[in-house]
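Structural description and commentary
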Amino acid sequence: MSSAEAVVLSAVTHTYGDVTAVGPVSLTVPAGEFLVLVGASGCGKSTLLRLIAGFEQPTAGSVEAAGVPPAPGRGAGLIFQQPRLFPWRTVGGNIALALRYAGIVPSRDRIVSLLSSVGLDDVAHRRTWQISGGQQQRVAIARALAVDNPLLLLDEPFAALDALTRERLQEDLRRVSAETGRTCIFVTHSVDEAVFLGSRVVVLTPRPGRIALDLPIDLPRSGIDPEELRGLPAFAAARTQVGAAVRHPEVFA
Ligand SMILES: Nc1ncnc2c1ncn2[C@@H]1O[C@H](COP(=O)(O)OP(=O)(O)O)[C@@H](O)[C@H]1O
Ligand SMILES: [Mg+2]
């Protein structure tokens, strides 16, 4: 494997007891790609992400991240549906904790600039329960970006947000990922979100999760207004294709 490959799954299967949740799945994710995994609830999306994070071990096959089997707390930033911030700390204190955990001495400038990169100004001193759900999820993204992990794993991070906040966060994540060049693996069951964010979209079949469709999304990654992007014929075409695979994955598998 070359260093240009961030994640490699080779014939990965995962079972819980006698239930096969995933596989076999083989997938190579090049560095810098924004891969979105889409599929119905229960098709094994979270399991795949947990395998890549090293929280689960494959029952068969192998997983490599940056050339080695992944281990928890090493090499990947994680963002979940709930922001999972520490309520007894300020917003800035939550970021500082992540920096310290990674062996980085937190500075005020660094914390402020990280928060600013996700559209948050003047909140470092606030308690996490004094800001909105959308702002809390921005803090969770800033915390994951704080550490110089080349890989970001996101499990339905915007699912609990209202539609308008969700769109804003999608736009910001798209911009931030293009700016930082990090490899992202993003799980969602929204077809629209998948096509908007992904440079590649993989649709999974229902249990066991297997690849039904693996589609490169050939849309500009920067220098384009989100409204304009959503209006491109290629955007509509990709959404139709991904939507069909999500509705009838058996036809594609
Ligand atoms: N810890 C577990 N023990 C037993 N079964 C599980 C466990 N986690 C997930 N499953 C089962 O594995 C399947 C895939 O789950 P999951 O990866 O969470 O799917 P998704 O994220 O796509 O909704 C589901 O049928 C789920 O019930
Ligand atoms: Mg899930």
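The rules we used
Residues numbered from 1 in each chain as written. Chains lettered and ligands numbered in written order. Predicted model: local features only at pLDDT ≥ 70, side-chain atom pairs only at ≥ 80, totals over all residues. Heavy atoms only, no water. Core = buried A, V, L, I, M, F, W, Y, C linked by side-chain atoms within 4.5 Å. Buried < 20%, exposed > 50% of the residue type's maximum accessible area, 1.4 Å probe, protein only. Helix = DSSP H or I, 4+ residues; strand = E, 2+ residues; numbered from the N terminus. Contact = heavy atoms within 4.5 Å. Near = heavy atom within 4 Å. Areas by Shrake-Rupley, 256 points an atom, 1.4 Å probe, with all protein chains shown as cover. Nonpolar A, V, L, I, M, F, W, Y, C, P; charged D, E, K, R; others polar. Pairing = 2+ DSSP bridges. Axes fitted to C-alpha atoms, helices over the stretch in contact; angles between N-to-C directions.

The next point concerns the nonpolar core. Ranked by internal contacts, the top residues of the largest apolar core, which has 50 residues, are V36, I95, L115, V139, F186, V201 and V242. For this core, the element with the most residues is helix α4 (residues 133-146), which contributes six residues. When sequence neighbours within four positions are dropped, the list of residues in contact with I95 reads I111, L114, L115, V139, A142, R143 and A146. By size, the runner-up hydrophobic cluster in this structure holds 26 residues, among which are I52, V63, L153 and I185.

Within the structure, ligand 1 sits among Y16, A21, A40, S41, G42, C43, G44, K45, S46, T47 and R207. Here ligand 1 loses 60% of its free accessible area of 560 Å² to cover by the protein chains. A per-element tally of the shell around ligand 1 places helix α1 (residues 45-53) first, with three residues. Tallied by class, the residues present in the shell around ligand 1 amount to four nonpolar, five polar and two charged.

This brings us to the sheet that holds strand β6 (residues 151-155). With mixed pairing, six strands are arranged side by side in an open sheet as β5-β6-β7-β3-β8-β9. Either end of the sheet is taken by a strand with one partner, and the two such strands are β5 (76-79) and β9 (211-216). Here the average twist between neighbouring strands, direction ignored, is 15°. Relative to β9, strand β8 (residues 200-204) runs antiparallel, the two sharing five bridges. Across the sheet, the residue bridging to V203 is L213, located in β9. Sitting on the sheet, helix α5 (residues 163-180) touches β3 (34-38), β6 and β7 (183-188), and the angle it makes with β7 is about 160°.

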